[in-house]
Structures are given as structure tokens and as C-alpha cells.
Amino acid sequence: MPCAPILVTGVTGQVGGAVFRQAQQRGLNIWAPTRADLDLTSASSIKRAMSENALSAVINCAAYTAVDKAESEPELAAQINAEAPAILAAETRRRGIPLIHVSTDYVFDGEKSDPYIESDFVNPINVYGKTKQAGEAAIQATQPNHAIIRTAWVLSASGANFLNTMLRLGAERAEVSVVADQFGCPTAADDIAHALLTVTQNLRDRAGTWHFVNQGSASWYELAAFIFAEASRRHLATPQLRAITHQEYPTPARRPANSQLSTAKFEKDFSSAPRTWQEAVSDVLQQRFS
Ligand SMILES: NC(=O)C1=CN([C@@H]2O[C@H](COP(=O)(O)OP(=O)(O)OC[C@H]3O[C@@H](n4cnc5c(N)ncnc54)[C@H](OP(=O)(O)O)[C@@H]3O)[C@@H](O)[C@H]2O)C=CC1
Ligand SMILES: Cc1cn([C@H]2C[C@H](O)[C@@H](COP(=O)(O)OP(=O)(O)O[C@H]3O[C@@H](C)C(=O)[C@@H](O)[C@H]3O)O2)c(=O)[nH]c1=O
Ligand SMILES: [Mg+2]
């Protein structure tokens, strides 16, 4: 009997799109409805979509990801990032299938100086982070058969992300200023997708939270400098890049000063080590310019 499909949400996004493409390459049976067929703001839409098919697992890649806008739309962000995962948790539990859920480094406050491990205290400092943390908590309380994969600073060739913002601003302006006092782990959507499929296929009776990011860390400024150096190598015009503090770049949402994640647990449990962020970002730029 062929295996029932894996439901993947967020297929029009960076991570969901990459999961969909890689799953197809692996010959997996995937069902990836868009928002029109599965609207995460509607409990009845989620339940209806899930009852249309027998499913073997759910990978939830959809989210409200506009960090600054979330500060003025907290209810909508909570519906998508907290209430929808709670419903997915209840529905997957009822069906006896695992829920693989994507979460974020922004569940941490950024006060730690070392990379965060999975058991570290969560203390989100913005609305987006609070709603993502509430989603994690709902899943942990409802569905024993789950994997929460926290990732960070997601980049892809076509998505709405920092890399594409920098390339756009770099083409428009002579000078670009970027904060140099917030540190994290830039990560390619393709690498996260690979990790999510590895977890989905090897979860067995394990449950829990794992961190997955590309290796190494950078400030947003260092990431911008790397992106422009690679662009310049390809003979594109690049701006003067200026390092600033986060106080010099006021935003509606506060962001953690250090949200590096340790991947030691993922590497041990899934026998797989991520590549460096520089390799991953080079790859994204290669795709972007080809
Ligand atoms: N982007 C990042 O830097 C990071 C992301 N993450 C997490 O990774 C996951 C994937 O993020 P990423 O791929 O970057 O996200 P994107 O912003 O690229 O995509 C979000 C996806 O969610 C879908 N979505 C939003 N609202 C709804 C809704 N009401 N009903 C159905 N679908 C909806 C969007 O659909 P539509 O196209 O219709 O809007 C889109 O497919 C998320 O859980 C996010 O929190 C974690 C760390 C960093
Ligand atoms: C556009 C721009 C941003 N910045 C700063 C603002 C901010 O501190 C930092 C990054 O801004 P962005 O809005 O691109 O990134 P942000 O939305 O904070 O990215 C986050 O998204 C969510 C979904 C996550 O889960 C996180 O892991 C993280 O990737 O760069 C500058 O300093 N100069 C600029 O020109
Ligand atoms: Mg953003």
C-alpha cells in the first residue's frame, strides 16, 4: 500500500517551498495546499483540509513572519503562530501521526553569551517571538509525538529575507547602514528543508526540540558584508557598508542581541552536521544570480 501523504503547510514560503521541492526529488508523497485550501486563521479550514486525506505526518512551515508588523497585529500573529499549531497538534494526535513544527531563535531574549541549547529558558522579547513560543508550548502540552525544529535567519534565492533586502538596497543606494550588535546564525532554507525531512523520516519514537542552523555566527553587518563581497565578485555594483548600533536603526520590534543556536543535539541524534553559513549563503547567491 502506498504511504499516505505528508501534509506540508507554507509551500509558498521559503522553507515550505524547499521542503516541497526536496520531498518531490526524494519521491515522497506530499500534499502541500496553499492558504486558499488550508487557512491557518480558521480552525474549520484546518480541520476540513486534514479530513480530506489520510496523512502520514504534518510538517508545519507556515507562520506569520513579519517581525515588526507583528507588534501592531498581535492577534493575527497569535492565530497563525500559536492557535493554528495547537489545532494541528490536536488533529495530528487524534490521527496518531507526528507533527514536525518549525520555530525560531527569537523565542530567546538574547542575553546569553554562548549559543543557546534546547533546554535553555525561553523569554521572547517581541510579539512574533511570544506567539512562536506559545505555539511551541501548545504542541508540547497536546501532542507527545512531535518535533520542534528551531532555526534562524532564513535565506533563500527568492524569498522575502535579509539577503534580498540587502541586494535591493545595495542597488538603490550609495550607502547602506546595518546593525553590528545583533548576532545569530544565517541559515539556508534548503538546509532547513533537508533537516526537516531527515527528522520526519527518522523521528521514530523520539519527541522533542532540536536546533538546526548553519555553522558559525555573524552579526547582520557581517552577513551584509559577506553578501556584498560575493555580489562584488560577480561584478555587481555594491554600496558603501556602514556598521551601526541597533539604537541607530530603530524598529517597532526589539530583537535579541545574541540568538546563536547550538546544533550539538541535532548532530548527535540525527548523525548529520550542517555546513557553514558562508557555504550556504554562497549557494543561495549562486541560485539567485543564475
Ligand atoms: N524567515 C526567517 O528568518 C525565519 C523563519 N523561522 C520559521 O520558519 C518557518 C518558515 O518560515 P519562512 O519559510 O521564512 O516563512 P515565509 O514568510 O517565507 O512564508 C510563510 C508561509 O506561511 C504561509 N502563511 C501565512 N499565513 C498563513 C495562513 N493564515 N494560512 C496559511 N498559510 C499561511 C504563507 O502563505 P502566503 O504566501 O499565502 O502568505 C507562506 O507560505 C516559520 O515557522 C518561521 O517562524 C524561523 C527562524 C527564522
Ligand atoms: C533593512 C535593514 C535592516 N537592518 C537591521 C534590522 C534588524 O536589526 C536586522 C534584521 O532585519 P530583518 O527585518 O531583515 O530581519 P528579522 O525580521 O529580524 O529576521 C528574523 O525573522 C524572523 C522571522 C526570525 O525567525 C528570525 O530568525 C530572523 O530571521 O537588520 C539594518 O540595520 N539595516 C537595514 O537596512
Ligand atoms: Mg523581517
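Structure: above.
Keep in mind it's a predicted model, so treat the numbers as computed, not measured. (Residues numbered from 1 in each chain as written. Chains lettered and ligands numbered in written order. Predicted model: local features only at pLDDT ≥ 70, side-chain atom pairs only at ≥ 80, totals over all residues. Heavy atoms only, no water.)

**Student:** Go over the site of ligand 2, please, and point to the residues and values.
**Tutor:** As a matter of local geometry, ligand 2 sits amid 19 residues, with Thr 104, Asp 105, Tyr 106, Gln 182 and Arg 255 nearest to it. Take Thr 104: an N or O atom from its side chain is 2.8 Å from an oxygen atom of ligand 2. When ligand 2 sits alone it has 720 Å² of accessible area, and the protein chains cover 84% of it. Elements that contribute at least two residues to the shell around ligand 2 include exactly α5 (162-172) and β7 (175-179). (Near = heavy atom within 4 Å. Polar contact = N/O pair within 3.5 Å; in protein donor to acceptor, adjacent residues only side chain to side chain. Areas by Shrake-Rupley, 256 points an atom, 1.4 Å probe, with all protein chains shown as cover. Helix = DSSP H or I, 4+ residues; strand = E, 2+ residues; numbered from the N terminus.)

**Student:** Tell me about the nonpolar core, and please be specific about residues and values.
**Tutor:** Considering soluble globular proteins, one finds that nonpolar side chains tend to be buried as a cluster. If you look at the biggest cluster of nonpolar residues, it comprises 60 residues, and the most contacted ones within it are Phe 162, Leu 223 and Val 281. At the level of elements, α2 (43-52), α3 (74-95), α4 (127-142), α5, β7, α7 (220-233), β12 (240-244) and α9 (277-289) are the ones that each hand at least two residues to this core. Broken down by element, the residue count for this core peaks at seven residues, all from α7. Contacts of Val 281, omitting those with residues within four sequence positions, involve Leu 155, Leu 163, Pro 186, Leu 223, Phe 226 and Ile 227. Within the second largest apolar cluster, 29 residues are counted, among which are Ile 30, Ala 57, Ala 189 and Leu 196. (Core = buried A, V, L, I, M, F, W, Y, C linked by side-chain atoms within 4.5 Å. Buried < 20%, exposed > 50% of the residue type's maximum accessible area, 1.4 Å probe, protein only. Contact = heavy atoms within 4.5 Å.)

**Student:** Please provide a residue-by-residue account of the sheet that holds strand β3 (residues 57-60), values included.
**Tutor:** Backbone hydrogen bonds hold the strands of a sheet together, and the pairing may be parallel or antiparallel. With respect to topology, six strands assemble into an open sheet ordered β2-β1-β3-β4-β5-β10, the strand pairing being parallel. Single-partner strands in this sheet number two, and they are β2 (30-31) and β10 (208-211). One ladder, built from two bridges, connects strand β1 (residues 6-9) with β2; its direction is parallel. Paired with Leu 7 across the two strands is Trp 31, which belongs to β2. (Pairing = 2+ DSSP bridges.)

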